[in-house]
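Each chain is listed here by its residues.
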Amino acid sequence: MATIAVIKRKCTGCAACRAVCPFSAIDMKDGLAEINAGCRACGLCIKACSYQAIVALETKRDSVDKSLWQDFLVFGEMTEQGLHPVTRELIGEAHRLAAGSPHQVHAILIGAGLDAAAQELRHYDLGKILVYEDAQELAYFRADSFAACFEDAINTLRPSVVLVGATALGRSLAPRVSTRFQTGLTADCTSLSFRENSDLVQIRPAFGGNIMAEIITPHTRPQFATVRYKVMDAHPRAEAARGEIIRRPLPQKARDSKVRLVDSRPVPPAANISEAEILVVAGRGLNKPADLDLVVALAQALGGEYAFTRPLVEKGWGSNDRQIGLSGRTVRPRLIITVGVSGAIQFTACMDGAEKIIAINQDEKAPIFSIAHLGIVGDLYDVVPRLIELIKAGGREHAGI
């Protein structure tokens, strides 16, 4: 792990490094910068220093032979409806990263009743599709059993990169598997790139979304990353089926699980804003909870769903399952209308993939206008009721949407 050090003879005491440190880890002693125990080696101070007085000191360690680890492995998550859509996005991203290299893209399926899913995956230009199927042991998600199967697949294929969806299941499974190989895992990545030396650059917001951290795993393999749903582009489905389906025997460790299903109860159906084609989002520009009725009414008039920004959820005005942002959901609807939303990076990073963005805000300098396709500068209490009237009177086209 890197440590941060100050070269005293180069330090001028300008304190630029101290100003950018998010951990208050830099003190000024005798007019010079000094790193304290709060340092997390984020590197912001290095970039801020104009005099090259701050450096990162790397601890030397043995590295894995990267040539022994090749290709990409995508975890194919199953739901009651079949393959989770994030699987196709992960496959698409793996193909993009592998383009122009000898690396292949493979997939793994774990569960019961996987025949249809395995055949479907053959239409996504995969090399090998490893299937771990057992009607008893894998009928429901057990982290230890699934991790044992995943571990066996990695030992079999020895992939350089493993991609998992940042779903509830993926966030539980990926850390368990990565620790078995004593390797790194970057969660909730929003972007990825692949270097010629096979290092995966994993990019994700950090420090409350104030910076985009670039994380690499240079010394160990495989490299694990979980990726949010609706962030990457799905791989197109081909008419021709290719790829080898390999049915693997269930590892003994998967059979040795002590977890047993005692009872199961269906979760009441709820709106999934990640799947919504039309979204209306309420921001801190609303004055009181009752004003949310305007947002809901606009969403209903458009036949869409409504959502919230983090400040409203923190006030208790909305629920987390309808929150858009780094601590909520990522969305890519055909149309999104923001109402009283300022447009902080924590929010925009999770919705700027929408096909059309319409922003309503009375502050013409609000950051949301920099990404909006159409901006309406005005009081939301005047604009939104008028929009609802127009839609009800003549439909979306008449309202200009």
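Worth saying up front: this structure is predicted, and the values here are computed from it rather than measured. (Residues numbered from 1 in each chain as written. Predicted model: local features only at pLDDT ≥ 70, side-chain atom pairs only at ≥ 80, totals over all residues. Heavy atoms only, no water.)

**Regarding the packing of aromatic side chains**
Formally: In this scheme Phe, Tyr and Trp rings, the latter by its six-membered ring, pair at centre separations within 6.5 Å, and the angle between planes marks the pair as stacked below 30 degrees, edge-to-face above 60, and tilted otherwise. Only DSSP runs of H or I reaching four residues or more are called helices, and only runs of E reaching two or more are called strands; each is numbered from the N terminus. Exposure categories follow from relative accessible area, calculated using a 1.4 Å probe and restricted to protein chains: below 20% of the type maximum is buried, above 50% is exposed, and the middle band is partly exposed.
In this structure the tally under the stated criterion is five aromatic pairs. Aromatic side chains Phe-72 and Phe-194 sit 5.0 Å apart centroid to centroid with 55° between the ring planes, which places their arrangement in the tilted category. Of this pair, Phe-72 sits in strand 5 (residues 72–76) while Phe-194 sits in strand 12 (residues 191–194), placing them 122 residues apart in sequence. A residue is classified by how much of its surface remains accessible, and Phe-72, at 0% relative accessible area, is buried.

**Re the sheet that holds strand 16 (residues 244–247)**
Our working rule: Two strands qualify as a pair provided that DSSP identifies no fewer than 2 bridges between them. Note on method: axes are straight lines fitted to C-alpha atoms, helices fitted across the in-contact stretch only, with angles between N-to-C directions ranging 0 to 180 degrees. In what follows, a contact means two residues having at least one pair of non-hydrogen atoms within 4.5 Å.
The parallel open sheet is built from seven strands, whose spatial order is 11-15-10-5-8-9-16. Each end of this open sheet is capped by a strand with a single partner; those strands are strand 11 (185–189) and strand 16. Within this sheet the neighbouring strands show an average axis-to-axis angle of 20°, counted without direction. Pairing geometry for strand 5 and strand 10 (residues 161–165), over three bridges, is parallel. Its bridge partner being in strand 10, Leu-73 is matched across the sheet by Val-162. Here helix 3 (residues 86–98) sits on the sheet in contact with strand 5, strand 8 (105–111), strand 10 and strand 15 (223–227), set at roughly 175° to strand 5.

**Considerations on the sheet that holds strand 12**
Pairing in this open sheet of three strands is antiparallel, and the strands run 12-13-14 from one edge to the other. Since the sheet does not close on itself, it has two edges, and those belong to strand 12 and strand 14 (211–215), each with one partner. Averaged over neighbouring strand pairs, the angle between their axes works out to 25° when direction is ignored. Note that strand 12 and strand 13 (residues 200–206) share four bridges and pair antiparallel. Bridge assignment links Leu-192 to a residue of strand 13, and that residue is Gln-202. Along the sheet face, helix 3 touches strand 12 and strand 13 and points at about 30° away from the line of strand 12.

**Observations regarding the pattern of salt bridges**
To keep it simple, the criterion reads: We define a salt bridge as a side-chain nitrogen of Lys or Arg found within 4 Å of a carboxyl oxygen belonging to Asp or Glu.
For the structure shown, the criterion picks out 21 salt bridges. Across the pair Arg-237 and Glu-120 runs a salt bridge, and its minimum N-O distance is 2.9 Å. Placement of the pair is Arg-237 in the loop between strand 15 and strand 16 and Glu-120 in helix 4 (residues 115–121), with a sequence separation of 117 residues. Arg-237 sits in the partly exposed class, given a relative accessible area of 43%. The partner of Asp-233 in a salt bridge is Arg-332, and the shortest N-O contact between them spans 2.9 Å. Here Asp-233 is found in the loop between strand 15 and strand 16, whereas its partner Arg-332 is found in the loop between helix 9 (310–314) and strand 19 (335–339), with 99 residues between them in sequence.

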